[in-house]
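Here are the chains, one letter per residue:
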Amino acid sequence: MKFSHLGLIALSALLLVPASGALPARAAVTELTNVSYDPTRELYDQYNKAFVQYYKKKTGQDITVVQSHGGSSKQARAVIEGNEADVVTLALASDITAIEHAGLIKAGWQKTFPNNSSPYTSTIVFLVRKGNPKGLKDWGDLAKPGIGVITPNPKTSGGARWNYLAAWAWADKQYNKDEKAVLDYISKLFGNVLVLDTGARGSTNTFVKNGQGDVLLAWENEAYLAIAERPGEFEIVTPPLSILAEPPVAIVDGVADKRGSRALATEYLNYLYSDEGQRIAGKNFYRPSNPKIAEEFSKIFDLKVKLITIDDPLFGGWDKTQKAHFEDRGIFDKIYTKK
Amino acid sequence: MRKAENKWGRRALIAISMAFVLLMLITPLLVVLFEAFSSGLALYWRAVSDKYTLLAAKLTLTATFAAVLLNTAFGLAAAWAITRFSFRGKGLLTTFIDIPFAVSPVIAGLVFILTFGRLSPLHSFLDSYGLKIVFATPGIILATVFVTFPFVAREIIPVLEARGTDEEQAAALMGAGFFTIFRRVTFPHIRWALLYSVILCTARAMGEFGAVSVVSGHLRGKTNTLPLHVEILYNEYQFTAAFAVSSLLAAAAVIILIVRNIVEFTARKEGDGNVR
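Not measured: the values here are computed from a predicted model. (Residues numbered from 1 in each chain as written. Chains lettered and ligands numbered in written order. Predicted model: local features only at pLDDT ≥ 70, side-chain atom pairs only at ≥ 80, totals over all residues. Heavy atoms only, no water.)

1. Remarks on the sheet that holds strand S10 (residues 249-251) of chain A
Residues and elements named next belong to chain A.
- Read across the open sheet, the four strands follow the order S2-S1-S3-S10; overall the sheet is mixed. What marks the edges here is a single partner per strand, and that holds for strand S2 (64-68) and S10. Averaged over all adjacent pairs, the angle separating strand axes in this sheet is 20°, with direction ignored. (Pairing = 2+ DSSP bridges. Helix = DSSP H or I, 4+ residues; strand = E, 2+ residues; numbered from the N terminus. Axes fitted to C-alpha atoms, helices over the stretch in contact; angles between N-to-C directions.)

2. Brief notes about the packing of helix H10 (residues 166-173) of chain B against helix H11 (residues 178-207) of chain B
Residue and element names in this part refer to chain B.
- Two elements in contact, H10 and H11, have axes whose closest approach is 10 Å; the angle formed by their N-to-C orientations is 170°. When the axes of H10 and H11 are compared, the pair comes out roughly antiparallel. Of H11, the residues touching H10 (which contributes Glu167, Glu168, Ala171 and Ala172) are Ile181, Val185, Thr186 and His189.
- Taken together, the residues of the contact of H10 with H11 sort by class into four nonpolar, two polar and two charged. (Parallel < 35°, antiparallel > 145°, perpendicular 65-115°, else oblique. Contact = heavy atoms within 4.5 Å. Nonpolar A, V, L, I, M, F, W, Y, C, P; charged D, E, K, R; others polar.)

3. Points about the environment of Val145 of chain B
Residue and element names in this part refer to chain B.
- As for its placement among the helices and strands, Val145 is situated in helix H8 (residues 137-148).
- Taking the C-alpha atoms as reference points, Val145 and Asn71, 74 residues apart in sequence, are found 6.8 Å from one another.
- Those residues in contact with Val145 that sit more than four places away from it in its chain are Ala67, Leu70 and Asn71.

4. A few points about the packing of aromatic side chains
All names here are of chain A.
- Under the criterion given, the structure shown has 35 aromatic pairs over all chains.
- Measuring from ring centre to ring centre gives 6.0 Å for Tyr164 and Phe190, while their planes differ by 50°; the resulting arrangement is tilted. Here Tyr164, found in helix H7 (residues 158-174), pairs with Phe190, found in helix H8 (residues 179-191); they are 26 residues apart in sequence, far enough to count as distant.
- Between Tyr224 and Phe285, the ring centres sit 4.7 Å apart and the planes meet at 10°, which makes this aromatic pair stacked. With a gap of 61 residues between them, Tyr224 in helix H10 (residues 220-229) and Phe285 in the loop between helix H13 (275-283) and strand S11 (287-288) connect regions that are remote in the sequence.
- With relative accessibility at 16%, the residue Tyr224 sits in the buried group.
- Phe285 gets classed as buried once you look at its relative accessible area, which sits at 19%.
- Three or more aromatic residues link up through ring pairs in this structure, and these residues are Tyr44, Tyr47, Phe51, Tyr54, Tyr55, Tyr268 and Tyr271. (Phe/Tyr/Trp six-rings, centres within 6.5 Å; stacked < 30°, edge-to-face > 60°. Buried < 20%, exposed > 50% of the residue type's maximum accessible area, 1.4 Å probe, protein only.)

5. Overview of the interface of chain B and chain A
- Contacts between the two partners involve 21 residues from chain B and, on the opposite side, 28 residues from chain A.
- Of the roughly 2,100 Å² buried at the junction of chain B and chain A (both faces included), carbon and sulfur atoms supply 49%.
- Of the charged contacts in the structure, one is a salt bridge between Asp127 of chain B and Lys258 of chain A, with a shortest N-O distance of 3.1 Å.
- Counting the contacts that link chain B with chain A gives ten residue pairs in polar contact (both at pLDDT 80 or more). (Buried area = accessible area lost by both parts, 1.4 Å probe. Salt bridge = Lys/Arg side-chain N within 4 Å of Asp/Glu carboxyl O. Polar contact = N/O pair within 3.5 Å; in protein donor to acceptor, adjacent residues only side chain to side chain.)

6. Section: the domain arrangement of chain B
Residues and elements named next belong to chain B.
- The domain architecture assigned to chain B consists of domain 1 (1-37) and domain 2 (41-269).
- Opposite the six residues of domain 1 that make contact, domain 2 presents eight residues.
- In total, domain 1 and domain 2 occlude about 630 Å² of area from one another, counting both sides; carbon and sulfur atoms represent 84% of this.
- Three residues stand out in domain 1 for area buried against domain 2, namely Val32, Ala36 and Phe37, and they jointly supply 64% of the buried area on that side. (Domains from an automatic or database assignment.)

7. Considerations on a nonpolar patch on the surface
All names here are of chain B.
- A surface patch of nonpolar side chains, amounting to about 1,100 Å² of accessible area, comprises Phe20, Val21, Leu22, Leu23, Met24, Leu25, Ile26, Leu30, Leu33, Phe37 and Leu41.
- It is helix H1 (residues 2-37) that provides the largest number of residues to the nonpolar patch, a total of ten residues.
- Mapped onto the secondary structure, Leu33 falls in helix H1.
- Since its relative accessible area comes to 37%, Leu33 is described here as partly exposed. (Patch = residues over 30% accessible without salt bridge, like charges linked within 9 Å, V, L, I, M, F, W, Y side chains within 5 Å. Areas by Shrake-Rupley, 256 points an atom, 1.4 Å probe, with all protein chains shown as cover.)

Given below as C-alpha cells:
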C-alpha cells in the first residue's frame, strides 16, 4: 500500500516537472542561439565575447550566446525541422529563403538590416604556392595548359559555385559576351582541375596538406586561414575582377516571437554593423561592409578589385543562376561531361 | 607431418590476429594519446577542463545513464516475456529488438526528426506542452536509447532460455509472488549477464555519434556530446584539443574494458558459465 502510494507520488511528480518547466520564462531572455555556417567559427567566437560585454555595459544584464556551426544548407534544414535559432547567419541568401518558405522568417527579411542584411562580405581569390612560380595573375591564366587547379565541385559546394561564377563573370567581360568563347574558357578551366572535392574544406586540405595543384580557388577568409596555419608557404593573388559574396543574417521570426527574444536578437545583429563588430569581421578576414572600417584593413584586402554581385544582369539572382548553371543537365553538366 | 602443419597454421593465425589488433586498435589508440599530449600537459588540461568540454561530458553521462536505465528495464521485461510466455507476435518482437543492429544510426536520427521535428503532425501537440524532443536533450537520449536498445535483451534471453522455467514454477507452486520469484530465483541466474550487458550498453552509448549527430543541432554547451565535441574541435583546427577530448573517451573505454574483464573473471569463478 505504502509502496504504491510512493509510486503514485513519483509518477505525478514526473508528470508535473515537465509541465511546470514548460512555461516559457517571459521575464528576461538571457540566452540567444545563433545558427551559423562552417567558416564563421572564429569570427563569432570573438564577436560573441564582444557583444556580451557590450550588452552588459548597456543594460546591466548578463547574457549567453549559444553557437552552432555546420554546412550552411544543413544548418538551414535543422532550423526548418525545429532547431530553435533566434538568429541565423548563413552563407547564402537562398538558405535563409528556404527557412522563409518554411514559414519561420517573414518575406522581405533581406531589407531588415543594411547592405542586403550582409554585415560582412567576401570574395573568391587565388591561393598559390610561395613566389607564385606559375605567374598566375588573372582568370585567363588558369585555363592555360599545364596549370593544376583545385576547386570543390559546384554541384555539391556553395563556395565552388562562387568560384565558377567568378570565372564566368571574367570570361563574359573578356570575350564580350560571346557565349561560345565563354563556354570554351570554362571548359578549359575545368579541364585543368586536378581534384574536384565535395566541399571547400576538403579542397583546402587537398591543396595545403596534400600539395596538389598550382592554385586553389578559395574564399578570401579561408585562404587567409590557410596562410595562418602554414605561414610562408603560400600567397594570395586577388584577381582584378571577382565576385561579391554576401553572407546574410536574419532574425528567425517564428522563434524570436515565441521566445520573446526579438529585442535581443535585433540588438545582436545590429551590433555586427557597429565599428567594433565590423573590426572583428575584418580581423577574421571578412570584408567589413562599412567602407570606412574596410579602409583600415586595406593592407589585407585588395579593395580595388572589381566585384560583381549575383544580382548583376549577367546572372539575374540566385534562383535563375541555380537553374541555368548547376541543376541537372545545366551548363556545368554540359561542359563537364563534354570533357 | 600433420603436427607440423598444425603448428604453422596455429602460428599464422595468431600472427594474423595479433597484427590486426596491433594495426587496427593499438596503434590508433597510441596515436590519440601521443597527439593529445604532444603540446604539453598544460594545453591538455586546458582542453579537458574547458567549459564546453565539461558540458559535453555532462550531457554524454546523462544520455548514457538514461539509456542504460531505460534499456535495462525494457531488456529485462522483453527477455522475461519472450522466454517465459508464449504469445502471438513473439517471433516478431524478437526480430524487432534487433532492428537497431541492422538500421544505420543516421536513418534512426532522421526518423526521430521526422517524427518529433517541427514539420511533424506531433509537433504542435508537443509544443503546446512546451516539450522539445529533437535538438534538445530528450532527442539525444532517444537516439542513444535507440542504438543501444538490443544489448540487454540480447544478452539475457539466451541465459533465461538455457535455465528453463522449472525453478520458477516450483517457486510459484510454493506460493511465491512475482517479485519474490524474480528477486530470489530469476535474478541470481541472470545478474552476471545483466551486468555484462549494462557494461556493453554503457560503452556503446558513450561513443554514439551518427544518430546523435543528426538530432543534436550542434548547439554548443547544450546539445553537444563528447564525440560531437571532438568533431567540432577537429574542424576548428584545434587538433590537440580534439585528441585530448578523444583521450577522455578512450580512457573511459579502457576502464569499461577492465571492469568487463573483472566481471567475467568473477562470474567464472562463481561457476556461472553464462557470461561469455
